[in-house]
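Secondary and tertiary structure notes
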Amino acid sequence: MAIANQCENCDKYMAESGACYDTRIEPNYNGEECLRFREKGMSAPAPAMVKRSFPGLLDLYLWVVLGLGSVSKSMLLVGSLVKGQVHNWMTCCDALFKLFTIILSVYTLFAFIKRKPDAIALAKAQLIIQLALMFVITVSNLVVDFSTAILVRNVLTMAWNAFLLWYICTSDQVSACIPTENRGLMKRDVIIIVVVCATYGLCILLAAGASLLG
């Protein structure tokens with residue numbers, strides 16, 4: 001007979017519903033009736049032998065969007081500093097906020113690798129911030145310097161981020177990768193994200209007001 005935490009450590013166990021991904025019913029923790037182990041001709045392994053893997057789309061988000069995306073953003077940020085494009089208070093704010101988004105992306109990737117309980121909440125926060133930022137950039141493009149090519153690119157980027165956000169919010173497979181205990185953002189994370197985003201939003205409003213006043 002298998003024990004409860006053996007199923008809970010299996011990558012087929014869906015923590016949100018408490019059901020097995022294969023049978024779609026609540027596991028009865030009986031190794032002889034578990035198709036996953038019966039097909040392999042083995043009894044249910046001890047918890048230490050089972051390791052949850054990341055679903056394919058989550059892997060894409062973690063390693064391409066967060067990992068390679070952070071590298072790309074870092075190179076662009078360094079390039080703008082080298083070229084002297086950061087030369088006034090607003091461009092400094094932009095650079096600091098880009099640095100913040102890079103750090104948040106790297107920390108989110110680290111949280112998933114370490115299976116931290118706040119990993120899913122961090123991913124949601126990262127995607128919401130990217131959506132909001134891209135929306136502001138798109139509106140600015142429409143008002144200040146309209147470009148059809150840039151508009152299409154921005155809309156596609158927002159659609160991709162919105163799809164990833166929906167996937168992370170609704171996928172049982174994603175939920176099964178992260179411990180259920182104490183899920184959600186830590187108070188420290190909430191304070192940092194809110195303060196940084198609110199400060200950057202205020203800077204954008206001040207810059208827009210200064211531009212309108214001439």
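Everything here concerns the structure above.
Attention in this report is confined to the structure presented alongside it. Quick caveat: nothing in here was measured; it's all calculated off a predicted structure.

1. Observations concerning the overall build of the protein chain
What the protein chain contains, in helices and strands, is eight helices and two strands. A buried classification covers 36% of the 214 residues belonging to the protein chain. Taking contacts inside the protein chain between residues at least 6 apart in sequence as the whole, the part at least 24 apart equals 71%. As displayed, the protein chain offers around 12900 Å² of accessible surface, 67% of which is attributable to carbon and sulfur atoms.

2. Overview of the layout of surface pockets
Looking at the largest pocket, its volume works out to about 1700 Å³. In terms of lining, the largest pocket is formed by 46 residues, of which the most central are D94, K98, L133, I137 and Y200. Sorting the residues of the lining of the largest pocket by element identifies α3 (56-82), α4 (89-113), α5 (119-143), α6 (148-170) and α8 (187-212) as the ones contributing at least two each. When its residues are assigned to classes, the lining of the largest pocket shows 23 nonpolar, 17 polar and six charged.

3. Here's the deal with the pattern of salt bridges
Taken as a whole and assessed by the stated rule, the structure comprises one salt bridge. Ionic pairing is found between R188 and D189, a salt bridge with its closest N-O pair at 3.4 Å.

4. A look at unusual backbone geometry
Across the chain, the bulk of peptide bonds are trans and the bulk of non-glycine residues have phi less than zero. Even without glycine at this site, R115 takes up a positive phi of about 55°. Relative to the helices and strands, R115 resides in the loop between α4 and α5. Taking relative accessible area as the criterion, R115 reaches 21% and is therefore assigned partly exposed.

5. Focus on the packing of α5 against α6
Across the interface, α5 lies against α6 with an axial gap of 9 Å and an inter-helix angle of 160°. One finds that α5 runs roughly antiparallel with respect to α6. Our pair here, α5 against α6, has a crossing hand that is left-handed. Residue classes in the contact of α5 with α6 are distributed as 17 nonpolar, six polar and one charged.

6. Quick look at the packing of α4 against α8
Contact pair α4 / α8: the axes reach a minimum separation of 10 Å and the direction vectors enclose 155°. What the angle tells us is that α4 and α8 run roughly antiparallel. For the pair α4 and α8, the sense of crossing is left-handed. The residues of α8 that touch α4, namely those facing W89, M90, C93, D94, F97, F100, L104 and Y107, are R188, D189, I192, I193, V196, C197, Y200, C203, I204, L206 and A207. Class assignment of the residues belonging to the contact of α4 with α8 gives a composition of 16 nonpolar, no polar and three charged.

7. Points about the packing of aromatic side chains
In this structure the tally under the stated criterion is six aromatic pairs. Here the aromatic residues F97, F100 and Y200 are joined through ring pairs into a cluster of three or more.

8. Considerations on the nonpolar core
Within the largest apolar cluster, 34 residues are counted, with the highest numbers of intra-cluster contacts made by L58, Y61, L62, F112 and I168. For this core, the elements supplying multiple residues, two or more each, are α3, α4, α5, α6, α7 (172-177) and α8. Among the elements that take part in this core, α5 stands out by supplying 10 residues, more than any other.

Reading the values: the criteria
The residue numbering used here restarts from 1 in each chain and proceeds along that chain's sequence as written. Side-chain atom pairs in this predicted model are given and counted only at pLDDT of 80 or more, local residue features only at pLDDT of at least 70, and totals for whole chains, interfaces and linings cover all residues. The side-chain figures draw on all heavy atoms in the structure; neither hydrogens nor water molecules are used. Put simply, DSSP H or I for four residues or longer makes a helix, DSSP E for two residues or longer makes a strand, and each gets a number counted from the N terminus. Categorising residues by exposure relies on relative accessible area from a 1.4 Å probe, with only protein chains included: less than 20% of the type maximum marks a residue as buried, more than 50% marks it as exposed, and the intermediate range marks it as partly exposed. The contact rule is simple, with two residues in contact once any of their heavy atoms fall within 4.5 Å. In short, Shrake-Rupley with a 1.4 Å probe defines the accessible areas, and a residue's cover is counted only from the protein chains shown. A pocket, in this scheme, is an open set of points on a 1 Å grid over the protein atoms alone with protein on both sides within 12 Å along at least 5 of 7 lines, while a cavity is a set where a 1.4 Å probe fits but cannot get out; residues line either one if an atom lies within 4 Å of a point. Grid points are joined across faces, edges and corners, and a volume is the space filled by probe spheres set on the points. All amino acids are sorted into three groups, where Ala, Val, Leu, Ile, Met, Phe, Trp, Tyr, Cys and Pro are nonpolar, Asp, Glu, Lys and Arg are charged, and the leftover types, Gly among them, are polar. Here a salt bridge means any side-chain nitrogen of Lys or Arg lying within 4 Å of a carboxyl oxygen belonging to Asp or Glu. Each axis is a line fitted through C-alpha atoms, and for a helix only the stretch in contact is used; angles between axes span 0 to 180 degrees, taken between their N-to-C directions. Put simply, angles under 35 degrees are roughly parallel, angles over 145 are roughly antiparallel, angles from 65 to 115 are roughly perpendicular, and the rest are oblique. Crossing handedness follows the turn of the near helix against the far one: under a right angle anticlockwise gives a left-handed crossing, and clockwise gives a right-handed one. Centres within 6.5 Å are what make two rings of Phe, Tyr or Trp a pair, Trp counting through its six-membered ring; a difference in plane orientation under 30 degrees is then read as stacked, over 60 as edge-to-face, and the rest as tilted. To form a nonpolar core, buried Ala, Val, Leu, Ile, Met, Phe, Trp, Tyr and Cys residues must be joined to one another through side-chain atoms within 4.5 Å.

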